[in-house]
Amino acid sequence: FTLDDTANILENWAIQISSLDPESLLYAVYSFQPGGGTRPLAMLTFALDFWRGGGLDPHVFKTTNLIIHALTTFVLAFFFRNLFTLSGRSQRQADMAALALALLWAIHPLQVSSVLYVVQRMQTLSTLFLVLALLAYLAARRAQIKGRSSRTAWLLVLFNWGMAFLAKEDAVIFPAYALAIELTVLRFRASSNET
């Protein structure tokens, strides 16, 4: 543990739970002090790591961060694949580009601090759910372009965006990402079917 890990984890008695009873979990969820109860999803995962590891074992916390990073890489590959497919690339080109970009993102040196600095889980969790929201956004827009119902995909967009907010407030950037996708790839296309 290092730097902000001290205040958010080591000295945060609320996440140091001994059971999974609702009162302990709620107390842990709202234990983030700088934001007055914000970032409840991240705080819940810290509490679950404390409980799972039987204490403040940094290896348990860092293992969870690595799992989140791996999941984000996997979802990012699917997002890129869908984005490149929607941009008109062949399936092979989309697959290769998606794999290359996701792997480059995963091994980029900037990711070291995000993964190994435990408190950065707030950011990595938010990123995971933002990418899931963007993936759902592409599914919703693809359905709209094909003239199919997109209600479920839009609900997934809202759910994942909400989860990203519960991890860290900078999830507010989602509309800017969606706008960038519209301006560069989708170009506000809609179904040509007349209803």
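The rules behind each value
- Residues numbered from 1 in each chain as written.
- Predicted model: local features only at pLDDT ≥ 70, side-chain atom pairs only at ≥ 80, totals over all residues.
- Heavy atoms only, no water.
- Axes fitted to C-alpha atoms, helices over the stretch in contact; angles between N-to-C directions.
- Helix = DSSP H or I, 4+ residues; strand = E, 2+ residues; numbered from the N terminus.
- Left-handed = near helix turned anticlockwise from the far one by under 90°.
- Contact = heavy atoms within 4.5 Å.
- Nonpolar A, V, L, I, M, F, W, Y, C, P; charged D, E, K, R; others polar.
- Patch = residues over 30% accessible without salt bridge, like charges linked within 9 Å, V, L, I, M, F, W, Y side chains within 5 Å.
- Areas by Shrake-Rupley, 256 points an atom, 1.4 Å probe, with all protein chains shown as cover.
- Salt bridge = Lys/Arg side-chain N within 4 Å of Asp/Glu carboxyl O.
- Buried < 20%, exposed > 50% of the residue type's maximum accessible area, 1.4 Å probe, protein only.
- Core = buried A, V, L, I, M, F, W, Y, C linked by side-chain atoms within 4.5 Å.
- 1 Å grid on protein atoms, 1.4 Å probe; cavity = no way out; pocket = protein on both sides within 12 Å on 5 of 7 lines; lining within 4 Å.
- Points joined across faces, edges and corners; volume = space filled by probe spheres on them.

1. Notes on the packing of helix H4 (residues 58-86) against helix H5 (residues 91-107)
Angle between the axes and distance between the axes: these two values describe a pair of packed helices. Interhelical geometry of H4 versus H5 gives an angle of 150° and a closest axis separation of 8 Å. Considering the relative orientation of H4 and H5, their crossing is right-handed. On H5, the residues that touch His69, Thr72, Thr73, Leu76, Ala77, Phe80, Arg81, Phe84 and Thr85 of H4 are Gln91, Ala94, Asp95, Ala97, Ala98, Leu101, Ala102, Trp105 and Ala106. Looking at side-chain class alone, the contact of H4 with H5 contains eleven nonpolar, five polar and two charged residues.

2. What about a nonpolar patch on the surface?
A cluster of nonpolar side chains, Phe165, Val172, Ile173 and Tyr177, forms an exposed patch at the surface whose accessible area comes to about 350 Å². What makes phenylalanine 165 partly exposed here is its relative accessible area of 31%.

3. Quick word on the nonpolar core
The tendency in soluble globular proteins is for nonpolar side chains to be buried as a group. In this structure, Phe46, Phe79 and Phe174 are the most contacted members of the largest nonpolar core, which totals 45 residues. Mapped by element, the contributors of at least two residues to this core are helix H3 (40-53), H4, helix H7 (121-145), helix H8 (151-167) and helix H9 (174-186). The residues touching phenylalanine 46, leaving out its near neighbours within four places in the chain, are Ile9, Ile15, Phe61, Val118, Val119, Arg121 and Met122.

4. Things to note about the layout of surface pockets
To find leftover empty space, a probe the size of one water molecule is rolled over the atoms. Here the largest pocket defines a volume of roughly 360 Å³. Lining the largest pocket are 17 residues; nearest its centre among them are Leu76, Thr127, Val131, Leu134 and Tyr177. Of all the secondary structure elements, the ones that give two or more residues to the lining of the largest pocket are H4, H7 and H9. Across the lining of the largest pocket, the residue classes break down as 13 nonpolar, three polar and one charged.

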